[in-house]
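Single-letter residue listing:
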Amino acid sequence: MSVGYTAIQWSRHKRVYDGIAASAAAIWMAAFLLLGKARWTGSHAVSDEILLIRATGSCAIALLHVILVIGPLARLNRRFLPLLYNRRHLGVMTFLIALLHAILVTGYYHGFGVLNPLLSLLSSSTNFASLRSFPFELPGLLALIILFLMAATSHDFWLRNLSATTWKRLHMLVYAAYGLLIAHVGLGALQNETAPLAPSLMFAGVLTVSTLHLLAGTGEVVKDRGSAPIVNDNDSWIDVGAPHDIPLNRARTVCASGGERIAIFRHENTISAVTNVCAHQGGPLGEGNIIDGCITCPWHGWQYRASDGCSPPPFTEKIATYQVRIIAGRVQVSTKALPPGTAVEPARIPEHADA
Amino acid sequence: MPDPFPPDPPNPDELYVGYLPVPAGHRRFLRHIVPAALAIIAGTAIIWSHTHADPGSGRWHNSSKVKLRGTLYAHPYPMIATTDHRGKTQMTLLVESGKRGAAEHAALLDRHAVVAAGTLLERDGPRMLELSEGASSISPDSSNSTAVDAELRASDGQVTLRGEIVDSKCFLGAMKPGNGKTHKACATLCIRGGIPPALAVQEDNGGVTFYLLAAPDGGPVGEWIEPMVADSVELTGRLEQRGDLSILRIAPENAHRL
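Residues numbered from 1 in each chain as written. Chains lettered and ligands numbered in written order. Predicted model: local features only at pLDDT ≥ 70, side-chain atom pairs only at ≥ 80, totals over all residues. Heavy atoms only, no water.

Draft legend 1. Fine view of the overall build of chain B. Looking only at helices and strands, chain B features 4 helices and 11 strands. Taking 2.2 N^0.38 as the reference for a compact globule, 258 residues should give roughly 18 Å; the C-alpha atoms of chain B span a radius of gyration of 28 Å, well beyond that estimate. The C-alpha extent of chain B, read off along each of the three principal axes, is 110 × 40 × 30 Å. Out of the 258 residues belonging to chain B, those deemed buried represent 54%. Long-range contacts, defined as pairs at least 24 residues apart, comprise 70% of the intrachain contacts of chain B with a sequence gap of at least 6. A total of about 11700 Å² of accessible surface is found on chain B, and carbon and sulfur atoms cover 53% of it. Of the side chains in chain B, 25 bear a positive and 29 a negative charge, and the two mean positions are spaced by 4 Å. (Helix = DSSP H or I, 4+ residues; strand = E, 2+ residues; numbered from the N terminus. Rg over C-alpha atoms; globule rule 2.2 N^0.38 Å. Buried < 20%, exposed > 50% of the residue type's maximum accessible area, 1.4 Å probe, protein only. Contact = heavy atoms within 4.5 Å. Areas by Shrake-Rupley, 256 points an atom, 1.4 Å probe, with all protein chains shown as cover. Lys, Arg positive; Asp, Glu negative; His and termini not counted. Charge placed at Lys NZ, Arg CZ, Asp CG, Glu CD.)

Written out as structure tokens, the structure reads:
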């Protein structure tokens, strides 16, 4: 959260995070370069430039796998949330390493010739009908453009100015980039392989990313079904359960018939309801806690008052609120979202309510 | 009154927030998971780095300049015939620096005794000289004492060979490896720039045999070959020999992608 823009709001955590990420990338590339040089020597040595091309390319795609598994891991077990907090720095690092890979490839394979290197890159093969001859550089280039757009708009300045919805849609293109990079490697480097090791590693990576997303997605669906509310009053109110079914300083999330998720929080002796979607990056507020009296998003710690969905001053973010009531010992929440920042009187839990 | 929902691991009352101190439970978890993740990354990198295949024995002696004296043959691609220490005729292809052939440079000196200066590339027999920069890299040998006869010798009938079309400069050692799918664009650019195309045939004994590719009329192969570069192909044509260099004359209709 911020009232102004700075290039990077450094914190100790971000420095440690970036240090570990940079170390991981350095370990990867050093292993590739040193072991590559040791494996074939003398007249059979692999060119240094090609080792560097392989090291940067493989490092970028490995980092993209890490980026893609952090999201579902954090949904499945919130102890992974610290890895999510600074994920965009990992994204920018991935783009920079992928860019270095692209520069090396363009210079080495497409330079020194009778054509402009970029023209050579785009025209070296146009046989799209053959898997064997397919110009694998093209999906790699498209993926790099997507990674660039994501890296360039990763700052909260763009999140605010593009709107959270547009920004989110743009950044969901990471899955398109991932698919393009798998095609880039599958139609390119893997076609050089005669041993099954590299294709097996790539398959294991795709399987891990897919399985974790399926598990996290299935968990969400099960959670939505499990919270299926009882509808009454012409569908305008839904039953959430007894007040103490909601853990203290945390929320129970229910899914309204339109698919909108509502987070109902219990704080002190009151119940309040807000949208489950954080105004920042759409994080699941219902998986957050109340800290210092404010609903706190588990993704990046953005905070809102439960009573009106407004961030505490000097911050100005707002989220939708919902009316809540307690009737016959049952919490009920309105399905109609109120405009972001609308104050709603929290429902007081009667003293005799079951606990 | 005790909370009716005791925390199950991880403690749900603990929430990690980037700008607050890391909760104890998260810290303990991170102390295990971060080293484990780094170990997985390092292990994967080590396993993956073992996939580097043997790039072959091509070698570029680019730190030592040599001068070759012999007879220049300009067709199908510039090459110089010299005599080795056993008296056998040895052919060395001539190219410019970068991804450029030497046809223009050599055209006026066809079948002349010349001195060529540059750096050598070689791979299990076939050789190439990358000419030094400047007009003096090939010059007529006024002594004319080094003329070497390397006329074409044709074989009987046609042969059919299976292999990969490569650009001879990268294949002979300019790049390691200088073949395969990832090198396709580079090989195409080299051949487009006049570097002689060749067919690399994998032999059963693990070795690779090198055949220079020429057009049916003995000139350079046409642009039709470019889309087939780096692919596995079957070529049928007439085999010839100039010195120790095998040359396959092929027509487009006798080249098939496998």
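Draft legend 2. Quick look at the nonpolar core. Ranked by size, the top nonpolar core spans 65 residues in total, and within it Trp28 and Ile97 of chain A carry the most contacts. Ranked by residue count, the leading element in this core is helix H2 (residues 48–76) of chain A, at 12 residues. Here this core spans two domains, and each of domain 1 (12–223) and domain 2 (231–348) of chain A adds at least three residues to it. The residues contacting Ile97 of chain A, other than those within four sequence positions of it, are Ala25, Met29, Thr56, Cys59, Ala60 and Leu63 of chain A. Leu93, Tyr211, Ile225 and Leu235 of chain B belong to the second largest nonpolar core, which has 53 residues in total. (Core = buried A, V, L, I, M, F, W, Y, C linked by side-chain atoms within 4.5 Å. Domains from an automatic or database assignment.)

Draft legend 3. A look at the pattern of salt bridges. All names here are of chain A. For the structure shown, the criterion picks out 19 salt bridges over all chains. With a closest N to O distance of 3.0 Å, Arg75 and Glu220 form a salt bridge. Separated by 145 residues along the polypeptide, Arg75 in helix H2 and Glu220 in helix H10 (residues 197–226) bring together distant segments of the chain. Classification of Arg75 by relative accessible area gives partly exposed; the value is 26%. Two residues, Asp239 and Arg330, come together in a salt bridge whose shortest N-O distance is 2.9 Å. Here Asp239 is found in strand S2 (residues 237–241), whereas its partner Arg330 is found in strand S11 (residues 330–334), with 91 residues between them in sequence. Ionic contacts of the salt-bridge type, sharing partners, join the residues Arg75, Glu220, Arg261 and Glu287 into one network. (Salt bridge = Lys/Arg side-chain N within 4 Å of Asp/Glu carboxyl O.)

Draft legend 4. Summary view of the sheet that holds strand S8 (residues 303–305) of chain A. All names here are of chain A. Pairing is antiparallel across the open sheet formed by 3 strands, whose spatial order is S6-S7-S8. Both outer strands of the open sheet, strand S6 (289–291) and S8, are each paired with one neighbouring strand and no more. When the angles between neighbouring strand axes are averaged without regard to direction, this sheet yields 40°. Bridging between S6 and strand S7 (residues 294–296) involves 3 bridges; their strand directions are antiparallel. Bridge pairing links Ile290 to Ile295 in S7. (Pairing = 2+ DSSP bridges. Axes fitted to C-alpha atoms, helices over the stretch in contact; angles between N-to-C directions.)

Draft legend 5. Inspection of the interface of chain B and chain A at higher detail. Counting residues at the interface gives 61 residues for chain B, matched by 76 residues for chain A. Buried surface at the junction of chain B and chain A, both sides included, amounts to about 6000 Å², of which 66% is carbon and sulfur. On the chain B side of the interface with chain A, the three residues burying the most area are Trp48, His52 and Lys181 of chain B, jointly 14% of the side's total. Linking chain B with chain A are 0 salt bridges. Taken together, chain B and chain A are joined by 26 residue pairs in polar contact (both at pLDDT 80 or more). Among the secondary structure elements, those contributing two or more residues to the side of chain B that touches chain A are helix H1 (24–49) and helix H4 (184–192) of chain B. Sorting elements by how many residues they give to the side of chain B that touches chain A places H1 of chain B first, with 14 residues. Classifying every residue of the side of chain B that touches chain A by side-chain character gives 31 nonpolar, 17 polar and 13 charged. (Buried area = accessible area lost by both parts, 1.4 Å probe. Polar contact = N/O pair within 3.5 Å; in protein donor to acceptor, adjacent residues only side chain to side chain. Nonpolar A, V, L, I, M, F, W, Y, C, P; charged D, E, K, R; others polar.)

Draft legend 6. Here's a closer look at the domain arrangement of chain B. Residue and element names in this part refer to chain B. For chain B, the assigned domains are domain 1 (59–140) and domain 2 (153–257). Put simply, the middle of domain 1 and the middle of domain 2, counted by C-alpha atoms, are 19 Å apart. At the interface, 26 residues of domain 1 touch 29 residues of domain 2. Interface area lost by domain 1 to domain 2 is led by Tyr77, Lys99 and Arg123, which between them contribute 33%. Between domain 1 and domain 2 we count 1 salt bridge in total. We note a salt bridge from Glu130 to Lys169, for which the minimum N-O separation is 2.6 Å. Our count for the contact surface shared by domain 1 and domain 2 stands at 9 residue pairs in polar contact (both at pLDDT 80 or more). Of all the secondary structure elements, the ones that give two or more residues to the side of domain 1 that touches domain 2 are strand S1 (59–73), strand S3 (89–95), strand S4 (113–122) and strand S5 (127–131). Residue classes in the side of domain 1 that touches domain 2 are distributed as 11 nonpolar, 6 polar and 9 charged.

Draft legend 7. Molecular detail of a positive patch on the surface. A cluster of basic side chains, namely Arg12 of chain A together with Arg27, Arg28 and Arg31 of chain B, defines a positive patch on the protein surface. If one sorts the elements of the positive patch by residue count, H1 of chain B sits on top with 3 residues. Within the secondary structure, Arg12 of chain A sits in helix H1 (residues 12–39). Take Arg12 of chain A: its relative accessible area is 68%, and that puts it in the exposed class. (Patch = residues over 30% accessible without salt bridge, like charges linked within 9 Å, V, L, I, M, F, W, Y side chains within 5 Å.)

Draft legend 8. The arrangement of the packing of aromatic side chains in detail. For the structure on display, the rule yields 10 aromatic pairs over all chains. When the ring of Trp28 of chain A is compared with that of Phe32 of chain A, the centres are 6.1 Å apart and the planes differ by 15°; the resulting orientation is stacked. Residue Trp28 of chain A and its partner Phe32 of chain A are located together in helix H1, separated by 4 residues, close to a single helical turn. Each member of the pair Trp28 of chain A and Phe32 of chain A is classed as buried. Look at Phe157 of chain A and Trp158 of chain A: their rings are 5.4 Å apart centre to centre, the planes differ by 90°, and that puts the pair in the edge-to-face class. For Trp158 of chain A, a relative accessible area of 35% translates into the label partly exposed. What links up through ring pairs into an aromatic cluster is the set Trp28 and Phe32 of chain A together with Trp48 of chain B. (Phe/Tyr/Trp six-rings, centres within 6.5 Å; stacked < 30°, edge-to-face > 60°.)

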